[in-house]
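# Examining the three-dimensional arrangement
Next come the chains, spelled out residue by residue.
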Amino acid sequence: MSRVEVREEGVQTASQAQHEPGYCVFYDECGRNPLLNNTLIDPIVPCLNYTRAKLVTGDHYKILKQVCPMFDQGESSTYACCTIKQLGSLEKSLTLSKAVLVRCPSCAYNFAHLHCINTCSPNQSQTVKVTRVMNVTEQNRTREAVLGYQAFIGKTFADTSFQSCKNVRIPATIGGYAIATMCGRYGSKLCTPQRWYDFQGDSSNGLAPLDIDFKIIQEGDTTGLPEGVIPYNGVALMCNETTPTGGDVCSCQDCQESCPSVLPPSPVAGPFTLLGTNGYLVISIILLILLILSFVLYLSVSWWVTCAETNSLAAQAYLSSQFRIWGTIMASYPLTVLLLSLIVVAVLSVGLKDIKLTTDPVELWSAPNSRARQEKEFHDTYFDPFYRTNQVILTAPGRKSHIYDSLLFGPQNFSGIMSKELIIELLELQTRIQNIQFWSDDLNRTASLKDVCFAPLNPNNPSLTDCAVNSLPQYFQNTFIKKNCNQHHITDLGMSCMADYGAPVFPFLAVGGYEDDAFSSAEAFILTFSLNNYARSDPKFKVAMQWEKEFLKIVQEYQKDPKNSFTFAYMAERSLEDEINRTTAEDIPIFMISYAVIFVYIAVALGEHSSWKRLLVDSKFLVGLGGILVVACSVLASMGFYSWIGIPSSLVILQVVPFLVLAVGADNIFIFVLEYQRDVRRPHETREEQIGRVLGNVAPSMLLCSLSESVCFFLGALSTMPAVKSFALYAALAVLMDFALQMTAFVALLSLDARRQDNNRCELLCCIKVSKQRPKKPNKGFLMPFMKKYYAPVLLHRYTRIIVIVVFIFMFCGALFLMMNVKVGLDQELAMPQDSYMLTYFQYLNKYFEVGVPVYFVTKKGFNFTSVEGMNAVCSSVGCDQFSLTQKIQYATNYPERSYVAIPANSWVDDFIDWLNPQSKCCRLYTNGPNVGHFCPANESGLICAKRCLARPDNDTVRPTVAQFNRYLPDFLTNRPDLQCSKGGLGAYDKAVVRDESGEIIASRFMAYHTPLTNSQEFTAALKMARELADKITQGMRLVPGTSPDFEVFPYTITYVFYEQYLTIVNEGLFNISLCLLPTFVVCCLLLGLDLRSGLLNLLTIVMIVVDTVGVMTLWSIDYNAVALINLVTAVGISVEFVSHMTRSFALSTKPTRVERAIEATAKMGSAVFAGVAMTNLPGIIVLAFAKAQLIQIFFFRLNLVITLLGMAHGLIFLPVVLSYFGTLLVYLCPKWKVGPTQVCNIFEAMQQWTNAMRFRLPESTYRKRI
């Protein structure tokens, strides 16, 4: 052997050596590497010793067979170049790496194979060339130690070994790869075989005791090879191969080659098509053609008519007589009636003292017995709720990016935000927030972040550095300012990539706005502070709210600072609630103005205004005020009653119900008052009798509408959605109370006002009389004559009617098409006011976040995790079922655009099995000291913890027995992970497993991540797909022996409870609206004497209003959701006001033709409906356009405006025309007499006389003889 030595500061470089089979180049251990400090294991280096390989026997042979089984040639013929000490050091080094590789036996075998070749191969001199040596003195003995060498490896062996390991995962890191921790700066994405080996041979990694320069040589290429060197090209195992020691093939999650053939999900169903185009459009066009042809056909045969026999007039006569008597009594004793009404309202309103206002969105929109609600309650019962998130997303849009030509990575784009000064500024902001302190009355001391922070690795007594803070500076443990680092030598800092609180920093939680893992091109920093989520009854809840208030204050001050370099968005957990409360308070004046405008209009519009001198006498200011008070009292009585019986209210009820009742009440008030103003008192008739007679004329119409709406809303209370149910109950009773008070208190109030007017006394100044007498001619106002003389004749002209029918049919068919394209959902941005900082945050969130919300797959009681079959049905490592729980989730991530699952689930079962594996040093037992036999953590010395928890199995597939499972699981869950053992369960899994007193696992969860979800449609689709996946998992796990038949796995994330409603809201809406439509038809038929035709026309028009409303929602970007559903239910009620009065007026008209009766109904009742419903609603609705809350602007301004305008159009344009074509020809035929066709011409005159007879109580013979 010849060797030339060159000394450099005590280091010798060996440049030549002889390479021949059967020889070693180093042997035995010389001591510590004097050039290395602060390593994870002692850097023991071998002695330079060119000698023959030694025969190994006895214990030496047994240890060699265990550590390096590939050299085993039998005890009498096995040679090696390593001592027992070297084998011990090698095993210790391999143990740390195997802790993350042991999931895949072939990978772990290949990894050990490589290092065994370098350390123990009997032909070591042929594959290794020593490059650096140094004199090392150990125990007064100086020897030459090897500090570096070259290792020559064949490319096939190197590539196969790398391929077997590159997909091995670390479950606790949420889908992270083990290779990422073993490839240094390159991570998993840029790792190659050469880079992987280079990291292993880098002594600065804390594991390698010396420098190894791995040379990967192409087969047949001898260029540059030292003489005698033969690159090692032994057999490396593929990941889907068993190991010579009996290890099973790697699982699918760690080895793509092991994956079974899984059918891809069925393609997404395309849009519904017919004849190669949009199917709904084709159907709408066909329906349009059929309806128009049907109408034309009807016109062509309309000369043939039959007389309908109905009892409408009889029903009207009976109801009128009863209401006439009632009205006369109410008008005769006005003060008594007002007092009794006030007492009833006061008694019911007493319940308001117990009112409960529901503001929790969960309580509002999710039924208590809904699946999502029950799953949420299960999760929150057994697991901690989601922690509170406080976040800042920072960008620097004005800064230019630059290209850095890296020797290692090549040209790399660094965005403008990736600069040292901005990272330092970010750290300064982070530090300022971390140091928040404030006085807490609840704790009676100064509080800080550590009092409320989420500290996964030290939850009981956290320090400030234990708090979970995720940011880019956490990659450097927040020491960026202290280090003089830059992009050129940022990887030479020698620091771990763990955050200072001990957990890994996931890139998607530190930076955003990058593509394909090009983190240097990220456009945003993400700074996140996580707090514990306490119950509202817990004193620390207020402390957390105080901290978040201080957090917002600091961030807002920083935003205003002109010196800051960022443009950013921010939020605290309390922000949503704060902003909603703020906008609610700010929009209260808008609602008050809206009601004031309505009141002023009613007060002005109800006045007669016959003369300037009688202006204060004929005005109806107090009557209008009384009408408003009647509405207010009905709402208060309804709220008080339901509060008294324990049904909570909500902001939706406070905002919608008064509008609804006001629309109904104002319409009835206008009809009543206008009828009274147009009426002339009969001879010998008292004022009270006149009011009673007028009430008898109009009250049946008021009853028809009020009863229809009330029954409609009571049936709507069958809804499963709490907000819709409570709204329907409150609205139903409020409408009934409004009608009752109108029949009592308002009649009494009108009686008092009529007495004042008859006495020519001024309103408000009752002591003052005017001399100008009231004109004897009834005041018909402006609207009724205009409609009678101009509007109705033009509308009901022969050609106008045809145009109206065609236009409204076209509108209806177009709305049907649009209705099929309405978006379902409610984006959370709409709950915020337009000037809210949360809107900017939502924009940043959707733009820069690379991953969605975490989703837990939760198991219930009834599954035996302790059995081998149970573990295999859950885990995803070696020996596990190919369609286990975690494996099915892994398959779903292969199609994220369909499954909405981006990152596979972590698995406490997998990590528990790896933690138990005797090839790692995670689970050991004390063999010395007072804790003998108890669990020993990995950071304890091996001298006192020499025993593994489990013996090494023959096939390397570790599965504990039931006793071992139950014994060691608590130790695993409380074991803090560190660099000695990364598999400890504290922080990652200690809250993921819940056991009862007997030790049975009654709940557990596995966390994955959704893809970024940006709107409610995606959130809803993600929920649907997650449930489908969970159902498949449940079905598979129920097949495991011993599993309870009711065992279940369900997905859970905090958003599901809000978006579950959209899975069923279409059917829910159809059900509720159908229930509302039913009573409008039934009540109309009953109160019109079983007039089915009028009832059907009434129903048809209301249906058209609702369909057209949904169609316009599509055009005006109004999504369909629970708030919209409440408004659509309200639309049915308001439509009844627009339609039913007109239908009834037409049905009771005694004009000889349909057109004449339609003209009369339009002029008489249409004017009252227009003034009472349309003009009452419109001013108040328009005021809402100035509200700050987008929710109010969209669902209360836009939607109510659409409902009112469409209701007005259908009630005052379409319905009169339809009635003129299809209405009943004769509304009354007395059942007592048989009338032949020749006598029809006399019937109308007889009807009119009969009606007059009913009014004046004339004898029946007066009109009977006429017939």
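All residue numbers here refer to positions counted from 1 along the written sequence of the relevant chain. Reporting in this predicted model follows two pLDDT cut-offs: at least 70 for local features of residues, and 80 or more for side-chain atom pairs to be given and counted; totals over whole chains, interfaces and linings ignore these cut-offs and use all residues. Just so you know, side-chain values use all the structure's heavy atoms and leave hydrogens and water out.

- For the protein chain, the name recorded in an unreviewed UniProt entry is SSD domain-containing protein, with Astatotilapia calliptera as its organism.
- UniProt positions are given in the numbering used here, feature names are shortened, and annotations may be inferred rather than shown by experiment. Per its UniProt entry, the protein chain bears the Sequence similarities (unreviewed entry) comment "Belongs to the patched family."

## Structural notes on the environment of F1081
- Put simply, DSSP H or I for four residues or longer makes a helix, DSSP E for two residues or longer makes a strand, and each gets a number counted from the N terminus. With respect to the element layout, F1081 can be found in helix α30 (residues 1061-1087).
- Between the alpha carbons of F1081 and D1091 there is a distance of 10.0 Å; along the sequence they are 10 residues apart.
- Once you skip the residues sitting within four places of it in the chain, F1081 turns out to touch L1092, G1095, L1096 and L1099. Only heavy atoms matter for contacts: two residues are in contact if any of them lie within 4.5 Å across the pair.

## Notes on the packing of aromatic side chains
- Any two of the Phe, Tyr and Trp rings considered here, Trp counted by its six-membered ring, make a pair once their centres fall within 6.5 Å; the pair's planes then place it as stacked at under 30 degrees, edge-to-face at over 60, or tilted in between. Under the definition given, this model contains 48 aromatic pairs.
- Between Y197 and F214, the aromatic rings sit 5.4 Å apart at their centres with planes inclined by 35°, giving tilted as the arrangement. Taken together, the residues Y197 in helix α6 (residues 193-200) and F214 in strand β11 (residues 211-217) connect sequence positions 17 residues apart. In this structure, Y197 and F214 share a single accessibility class: buried.
- Aromatic side chains F386 and Y856 sit 5.6 Å apart centroid to centroid with 65° between the ring planes, which places their arrangement in the edge-to-face category. Placement of the pair is F386 in the loop between α11 (371-382) and β15 (388-395) and Y856 in strand β25 (residues 854-859), with a sequence separation of 470 residues. Y856 matches F386 in its accessibility class, with the two residues each being buried.
- Through pairs of rings, three or more aromatic residues link up here, namely F863, F865, W908, F912, W915, F935, F965, F972, Y989, F1006 and F1047.
- Both a distance and an angle decide whether a charge sits over a ring: NZ of Lys or CZ of Arg must be within 6 Å of the ring centre and within 35 degrees of the ring normal. Positioned above the aromatic ring of Y1221, the side-chain terminus of R801 is 4.3 Å from the ring centre.
- The aromatic ring of F1146 is capped on one face by R1157, whose charged end is 4.4 Å from the ring centroid. Burial classification: accessible surface area is computed with a 1.4 Å probe over protein chains only, and a residue below 20% of its type maximum counts as buried, one above 50% as exposed, and the rest as partly exposed.

## What about the pattern of salt bridges?
- Put simply, a salt bridge is a Lys or Arg side-chain nitrogen that is within 4 Å of an Asp or Glu carboxyl oxygen. On inspection of all chains with the given rule, the structure shows 30 salt bridges.
- Among the ionic pairs, R373 bridges to E363, the shortest N-O distance being 2.7 Å. With a gap of 10 residues between them, R373 in helix α11 and E363 in helix α10 (residues 361-365) connect regions that are remote in the sequence.
- Of the residues examined, R373 reaches a relative accessible area of 6% and is grouped as buried.
- Note on E363: relative accessible area 38%, which makes it partly exposed.
- For D835, the salt bridge identified is with R582, shortest N-O distance 3.2 Å. One end of the pair, D835, is in the loop between α21 (798-819) and α22 (837-848); the other, R582, is in helix α14 (residues 575-605), with 253 residues separating them in the sequence.
- Among the charged side chains, a salt-bridge network with shared partners connects R371, E375, R1027, D1031 and E1060.

## Points about the state of the cysteines
- Any two cysteine sulfur atoms within 2.5 Å of one another count as a disulfide. Enumeration according to the criterion identifies 14 disulfides in this entry.
- A disulfide bridge connects C82 with C120, and the sulfur atoms are separated by 2.0 Å. Disulfide C82 to C120: torsion about the S-S bond roughly 115°, handedness right-handed. One end of the pair, C82, is in the loop between β6 (79-80) and α2 (84-101); the other, C120, is in helix α3 (residues 105-120), and 38 residues separate them in sequence.
- You can call C82 buried: its relative accessible area is 0%.
- Two residues share a disulfide in this structure: C107 and C165, whose sulfurs sit 2.0 Å from each other. Disulfide C107 to C165: torsion about the S-S bond roughly 110°, handedness right-handed.

## So, helix α33 (residues 1154-1183)
- Largest kink in α33: about 35°, centred on M1165.
- The buried fraction of α33 is high, at 21 of 30 residues. Two axes define the bend at a residue: one fitted to the seven residues ending there, one fitted to the seven starting there, and the bend is the angle between them.

## Remarks on the side chain of K983
- With respect to the element layout, K983 can be found in the loop between α27 (962-974) and β30 (993-995).
- Pairs of N or O atoms are called polar contacts if they sit within 3.5 Å, as long as, within protein, a hydrogen donor faces a hydrogen acceptor (for residues adjacent in sequence, only side-chain-to-side-chain pairs). A polar contact of 3.0 Å, which involves the side chain of K983, links it to the side chain of D911.
- Here K983 is in contact with A99, V100, R103, I170, P171, D911, D914, W915, C922 and F972, once residues within four sequence places are set aside.

## Some details on the side chain of S440
- The topology assignment puts S440 in strand β18 (residues 437-440).
- A distance of 3.3 Å separates a polar side-chain atom of S440 from the backbone nitrogen of D442.
- From its side chain, S440 meets the backbone nitrogen of L443 in a polar contact 3.1 Å long.
- Apart from residues no more than four positions distant in its own chain, S440 is found in contact with R445, A447, V543 and Q546.

## What about the sheet that holds strand β27 (residues 924-925)?
- Pairing is antiparallel in the open sheet, where three strands are placed in the order β28-β27-β29. The open sheet has two edge strands, β28 (935-936) and β29 (947-948), and neither has a second partner.
- Two strands qualify as a pair provided that DSSP identifies no fewer than 2 bridges between them. Here β27 pairs with β29 via two bridges, running antiparallel. Following the sheet pairing, R924 is matched in β29 by R948.

## Considering the environment of F746
- Mapping F746 onto the fold places it in helix α19 (residues 722-758).
- Sequence separation between F746 and I669 is 77 residues; the distance between their C-alpha atoms is 8.4 Å.
- Those residues within four positions of F746 in sequence are excluded, and the remaining contacts are V623, G627, V630, I669, F672, V673 and L741.

## Observations regarding a negative patch on the surface
- For patches, a residue must show more than 30% relative accessible area and have no salt bridge; joins then use 9 Å for like charges and 5 Å for nonpolar side chains, namely Val, Leu, Ile, Met, Phe, Trp and Tyr. Each accessible area is a Shrake-Rupley result for a 1.4 Å probe, and residues are judged covered by the shown protein chains and nothing else. In this tally, Lys and Arg are treated as positive and Asp and Glu as negative; His is ignored, and so are the chain termini. In this description, the location of a charge corresponds to atom NZ of lysine, CZ of arginine, CG of aspartate or CD of glutamate. Judged by side-chain charge, E515, D516, D517 and E523 come together as a negatively charged surface patch.
- Along the chain, E515 turns up in the loop between β21 (511-512) and β22 (524-531).
- Classification of E515 by relative accessible area gives exposed; the value is 62%.

## Re empty space enclosed by the protein
- Both site types are read off a 1 Å grid over the protein atoms alone. A 1.4 Å probe that fits but cannot get out defines a cavity, while an open set with protein on both sides within 12 Å along at least five of seven lines defines a pocket; lining residues have an atom within 4 Å of a point. Grid points are joined across faces, edges and corners, and a volume is the space filled by probe spheres set on the points. Under the counting rule described, the total for this entry stands at six cavities of 30 Å³ or more.
- Put simply, the largest cavity is a space of about 130 Å³.
- In terms of lining, the largest cavity is formed by 15 residues, of which the most central are K98, Y109, Q919, R952 and D956.
- Mapped by element, the contributors of at least two residues to the lining of the largest cavity are α1 (58-67) and α3.
- It is α3 that provides the largest number of residues to the lining of the largest cavity, a total of four residues.
- Throughout, the ten residues Ala, Val, Leu, Ile, Met, Phe, Trp, Tyr, Cys and Pro are labelled nonpolar, Asp, Glu, Lys and Arg are labelled charged, and all others, Gly among them, are labelled polar. Residues that form the lining of the largest cavity fall into these classes: seven nonpolar, five polar and three charged.

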